[in-house]
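Observations on chain architecture
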Amino acid sequence: MHLVMIHPATYDNCRAAVERAFELFPQDLTGKKVVIKPNVLRASTADEHIVTHPAVLRAVVAAVEQRAPQEIVVGDNPGLFSYGDNESTFEKTGLMAAAGKYYRNLGDSPRPIAFLPELIPEVGVSREILDTDILISLPKFKSHGLTVMTGAIKNSYGILPGAQKARLHRMAGTPERFHELIVDVFRLRIPDLFILDAVVGMEGNGPASPDLREIGLVLAADNAVALDGVVARMMGLEPGRLRFLQKARELGLGDFDEQKISLDGELRIIPDFKVPPLGGEAIACNEAVQEIIKGRTRVRPAADPDLCTACGLCVEHCPVEAITMEADLPVADAETCITCFCCQEICPDKAMTLD
Ligand code: SF4
Ligand code: SF4
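Residues numbered from 1 in each chain as written. Chains lettered and ligands numbered in written order. Predicted model: local features only at pLDDT ≥ 70, side-chain atom pairs only at ≥ 80, totals over all residues.

**Remarks on the overall build of the chain**
Operational definition: What counts as a helix is a DSSP run of H or I of at least four residues, what counts as a strand is a run of E of at least two, and both are numbered from the N terminus. Radius of gyration here is computed from C-alpha atoms only, and the compact-globule reference equals 2.2 Å multiplied by the residue count raised to the power 0.38. Counting other C-beta atoms within 10 Å of each residue's C-beta, where C-beta atoms are placed from the backbone, gives the exposure class: buried for 20 or more, exposed for 12 or fewer, partly exposed between. Two residues qualify as a contact pair if the distance between their C-beta atoms, derived from the backbone, is within 7 Å.
When you go through the chain residue by residue, the secondary structure sums to 14 helices and 15 strands. Relative to a compact globule of 355 residues, whose C-alpha radius of gyration would be 20 Å, the chain shows 20 Å and is just as compact. For the chain, the proportion of its 355 residues judged to be buried stands at 50%. For the chain, the share of sequence-separated contacts (at least 6 apart) that also reach a separation of at least 24 residues comes to 76%.

Here it is in structure tokens:
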């Protein structure tokens, strides 16, 4: 049986909901490394509700601080549009101020990890995510044109730095396959606790829609399938119709069946909640978005000879050894490159450009 918390909250008082989440899903953080990962889709202001609200992050950081961890790290790899600009994305959203001294750029140190041999044998995953003792995921209550909703499982797609996200979007080919891929990424490092910002949610053509809904809740769980099942029901959706939830259940990652979930709080269906088509066509058929995705997957890093000092940092940090020095200029091999763009993040002279 899974437990899901549904707790009333505003952005002024969400600390109480976060404390309740830690009571219901106790985590021994003493002496541990803790990574907190909000959903940071792209540079935007907090009141656009495209990202996890800074008030929720601030409350979680305060709760973690009180539990004597050895180290706290806050970070994410912004989505298809903002990579290479991690700091300014965090600044603009207000998440940098909420993270304070714990902010870390997760994009500059991916580690290669085996993925799906038939599709893409290796992906680069942020080292901080792989090395942490405890991972706390802070998803946002939003609709999504390709996966119909975002939530706990989809938030883990951000463990991939750089253009890998765009590349997988493109390789998936169909919405259904993309649903499956996000579960494959989620399984690479399943978070220990999920605290979901549903104080203000997003409906319509998410994940960056202007249509917002006052919901007034924070949800939490230690199982993503159960939590996403509850979010789906609140949106008026039958969870079993969402391929990513079906696949997660098939893999034994949890259950969304009402009989398998007990609630701490009350589940209310939000009246007339606007969701994208269940088949996920909203993004798959949107030519402008598809052009951006295609463009991102074609991009490759190239060093600017006028700025490069030949320091070699990019060569050293490339997780798949795709870069070699040729006449004091780093050159990336397009076949080997996994488009994590760690070389661009790490370059102290901003010499690595994306061609
Ligand atoms: S890290 Fe930047 S400056 Fe150093 S070798 Fe690479 S591109 Fe050149
Ligand atoms: S060349 Fe740059 S973008 Fe490509 S894999 Fe290496 S670090 Fe990542």
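There is more to say after this.
**Describing the pairing of strand β7 (residues 140-144)**
The condition is simple: By definition, two strands form a pair when at least two bridges between them are found by DSSP.
Counting buried positions along β7 gives five out of five residues, so the element sits mostly inside the fold. Alternating residues of β7 divide into K140, K142 and H144 and F141 and S143, and every residue in both groups is buried. Judged from the two bridges that link them, β7 and strand β9 (residues 193-202) form a sheet pairing that is parallel. Considered in β9, the bridge of K142 is made with M202. Across three bridges, the pairing between β7 and strand β8 (residues 148-150) is antiparallel. Each residue of the ladder has a partner; that of S143, found in β8, is M149. Connecting the antiparallel pair β7 and β8 is a turn made up of three residues.

**Things to note about helix α2 (residues 54-65)**
Convention followed: Every helix has an expected span of 1.5 Å times one less than the residues it contains.
Look at α2: 16 Å from first C-alpha to last across twelve residues, which is about the 16 Å you get at 1.5 Å a residue. Most of α2 sits inside the fold, with nine of its twelve residues counted as buried. Residues of α2 that are buried: P54, A55, V56, L57, R58, A59, V60, V61 and V64.

**Considering the site of ligand 2**
Stated formally: For each residue, a C-beta position is placed from the backbone atoms; the residue is near a molecule or strand when that point lies within 6 Å of it. Under this grouping Gly is polar, as are all residues other than the nonpolar Ala, Val, Leu, Ile, Met, Phe, Trp, Tyr, Cys and Pro and the charged Asp, Glu, Lys and Arg.
Taken together, 14 residues sit near ligand 2, with C318, A332, C337, C340 and C343 positioned nearest. Considered class by class, the residues forming the shell around ligand 2 number twelve nonpolar, two polar and no charged.

**Concerning the packing of helix α8 (residues 175-186) against helix α10 (residues 243-250)**
Helix packing for two helices is described by the angle between their axes and how far apart those axes are. Our working rule: Working convention: axes come from line fits to C-alpha atoms, limited for helices to the stretch in contact. Angles between N-to-C directions cover 0 to 180 degrees. Angular relationships are summarised with four words: roughly parallel below 35 degrees, roughly antiparallel beyond 145, roughly perpendicular across 65 to 115, and oblique for the angles in between. Note on convention: the crossing is left-handed when the near helix lies turned anticlockwise from the far helix by less than a right angle, right-handed when the turn is clockwise.
Between α8 and α10, the shortest axis-to-axis distance is 8 Å and the interhelical angle comes to 45°. With respect to their mutual orientation, α8 and α10 come out oblique. For the crossing formed where α8 meets α10, the hand is right-handed. Across from E176, H179, E180, I182 and V183 in α8, the residues of α10 making contact are R243, F244, K247 and A248.

**Looking at the domain arrangement of the chain**
Under the convention used in this document: Domain ranges listed in this record stem from an automatic or a database domain assignment.
Per the domain assignment, the segments making up the chain are domain 1 (2-295) and domain 2 (300-354). Taken residue by residue, the interface counts 18 residues in domain 1 and twelve residues in domain 2.

**Examining the nonpolar core**
Within soluble globular proteins, side chains that are nonpolar tend to cluster in buried spots. Using the following cut-off: In plain words, the nonpolar core is the set of buried Ala, Val, Leu, Ile, Met, Phe, Trp, Tyr and Cys residues that C-beta atoms within 7 Å link up.
Counting 100 residues, the largest nonpolar core has I36, V60, I195, L196, V218, L219 and L227 as its most contacted members. Sort the elements by how many residues they give to this core and helix α9 (residues 224-234) lands first, with eight residues. Setting aside its immediate chain neighbours within four residues, I195 contacts V18, A21, V56, V60, I136, L138, V218 and A220.

**Some points on the packing of helix α7 (residues 164-172) against α8**
At a minimum axis distance of 8 Å, the contact between α7 and α8 shows a crossing angle of 135°. By the angle class used here, α7 and α8 are oblique. Crossing handedness for the pair α7 and α8: right-handed. Counting all contacts with α7, which are made through L168, H169 and A172, the residues of α8 involved are R177, F178 and L181. Looking at the contact of α7 with α8 residue by residue, the class counts come to four nonpolar, one polar and one charged.

**Quick word on the environment of A248**
Here A248 shows up in helix α10. According to the C-beta neighbour criterion, A248 is buried, with 27 such atoms within 10 Å. When the C-alpha atoms of A248 and R187 are compared, they prove to be 9.1 Å apart, with 61 residues separating the residues in sequence.

**Some points on unusual backbone geometry**
If you check the backbone angles, H49 has positive phi at about 60° while not being a glycine. The phi dihedral of A68 is positive, around 55°, even though this residue is not glycine. Considering the arrangement of structural elements, one finds A68 in the loop between α2 and β3 (71-74). We classify A68 as exposed; it has 11 C-beta atoms within 10 Å.

**Remarks on α7**
Here α7 has its buried residues at Q164, K165, A166, R167, L168 and H169. Immediately beyond the C-terminal end of α7, within one or two residues, lies G173, with a positive phi of roughly 80°.

**Some points on the environment of R233**
You can see R233 is positioned in helix α9. Accessibility expressed as a C-beta count within 10 Å gives 18 for R233, which makes it partly exposed. The spatial distance from the C-alpha of R233 to the C-alpha of E258 is 9.7 Å, given a sequence separation of 25 residues. For R233, the residues in contact, after removing those within four places along its chain, are P239, L267 and I269.

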